[in-house]
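# Results of the structural survey
What follows is the residue order along each chain.
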Amino acid sequence: QVQLVESGGGLVQAGGSLRLSCAASGRPFSSYAVGWFRQAPGKEREIVAAITWSGGSTYYADSVKGRFTISRDNAKNTVYLQMNGLKPEDTAVYYCAARRSDTYYYIRLDEYDYWGQGTQVTVSS
């Protein structure tokens, strides 16, 4: 079992930055692929970014490409999502998710086994 806890959300003005953290406990995090998802009110949960266990490969949704950066520090059992140039449409609850994988990243919700409780990000215009 892996427990995931997100932090770093908050209220920020458009154009501002936030860094989300996803801290894992329960098992060594280095053998897990991780994804960041978000869900806005009335919308489906969607992939934002994903990263392989080593951090060597990453994926970004088109809507965040060039503004968000996913990274990880396996020594700290933590994955980060640096969000720059935030827009009001980035407002959502952000979730991290994990699954065991020694090769790939994953971008579908049903590919992940473990989820955090989410952290709210609100971007004001």
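Predicted, not measured: the structure shown is a model, and the values here were computed from it. (Residues numbered from 1 in each chain as written. Predicted model: local features only at pLDDT ≥ 70, side-chain atom pairs only at ≥ 80, totals over all residues. Heavy atoms only, no water.)

Before going further, it helps to examine the sheet that holds strand E3 (residues 18-25). Within the open sheet, the four strands sit side by side as E1-E3-E8-E7. Their pairing is antiparallel. Unpaired on one side and paired on the other, strand E1 (3-7) and strand E7 (68-73) mark the two borders of the sheet. Recorded for the sheet is a direction-independent mean angle of 15° between the axes of neighbouring strands. Bridge analysis of E3 against strand E8 (residues 78-83) gives six bridges, and the strand direction is antiparallel. Looking at the pairing, alanine 23 lines up with threonine 78 of E8. (Pairing = 2+ DSSP bridges. Helix = DSSP H or I, 4+ residues; strand = E, 2+ residues; numbered from the N terminus. Axes fitted to C-alpha atoms, helices over the stretch in contact; angles between N-to-C directions.)

Moving on, we get to the pairing of strand E11 (residues 119-124). Residues of E11 alternate between two faces, with Thr119, Val121 and Val123 buried on one and Gln120, Thr122 and Ser124 left unburied on the opposite face. Relative to E11, strand E9 (residues 92-100) runs antiparallel, the two being bridged by three bridges. For alanine 92, the partnering residue across the bridge sits in E11 and is valine 121. (Buried < 20%, exposed > 50% of the residue type's maximum accessible area, 1.4 Å probe, protein only.)

All right, on to the pairing of strand E4 (residues 32-39) then. The side chains of a regular strand alternate, residue by residue, between the two faces of the sheet. Judged by how many residues are buried, E4 sits mostly within the fold: seven of eight residues are covered. Two elements, E4 and E9, share eight bridges in a ladder whose sense is antiparallel. Paired with tryptophan 36 across the strands is cysteine 96, a residue of E9. As paired strands, E4 and strand E5 (residues 46-51) are joined by five bridges and run antiparallel to one another. Opposite valine 34, over in E5, you have isoleucine 51 as the bridge partner. In this structure, the hairpin formed by E4 and E5 is closed by a connection of six residues, where glycine 42 is found at a positive phi of approximately 75°.

Before going further, it helps to spend a moment on the side chain of aspartate 90. Inspection of the secondary structure puts aspartate 90 in the loop between E8 and E9. Polar contacts involving the side chain of aspartate 90 include one to the side chain of arginine 67, which spans 2.7 Å. Ignoring sequence-local partners within four residues, the contact set of aspartate 90 consists of Arg38, Arg67, Phe68, Gly85, Val121 and Val123. (Polar contact = N/O pair within 3.5 Å; in protein donor to acceptor, adjacent residues only side chain to side chain. Contact = heavy atoms within 4.5 Å.)

Under the criterion given, the structure shown has six salt bridges. Aspartate 62 is the salt-bridge partner of lysine 65, the closest N and O atoms lying 3.1 Å from each other. Judged by its relative accessible area of 66%, aspartate 62 is exposed. Note that aspartate 90 and arginine 67 form a salt bridge whose closest N and O atoms lie 2.7 Å from each other. Here aspartate 90, found in the loop between E8 and E9, pairs with arginine 67, found in the loop between strand E6 (58-60) and E7; they are 23 residues apart in sequence, far enough to count as distant. The residues aspartate 90 and arginine 67 share a single accessibility class, namely buried. (Salt bridge = Lys/Arg side-chain N within 4 Å of Asp/Glu carboxyl O.)

All told, the structure shown has seven aromatic pairs when counted by the stated rule. Between phenylalanine 37 and tryptophan 115 the ring centres are 5.0 Å apart and the planes differ by 50°, which places this aromatic pair in the tilted class. Of the two residues, phenylalanine 37 is situated in strand E4 and tryptophan 115 in strand E10 (residues 114-115); the sequence distance between them amounts to 78 residues. Between tyrosine 59 and tyrosine 105, the ring centres sit 5.9 Å apart and the planes meet at 40°, which makes this aromatic pair tilted. (Phe/Tyr/Trp six-rings, centres within 6.5 Å; stacked < 30°, edge-to-face > 60°.)

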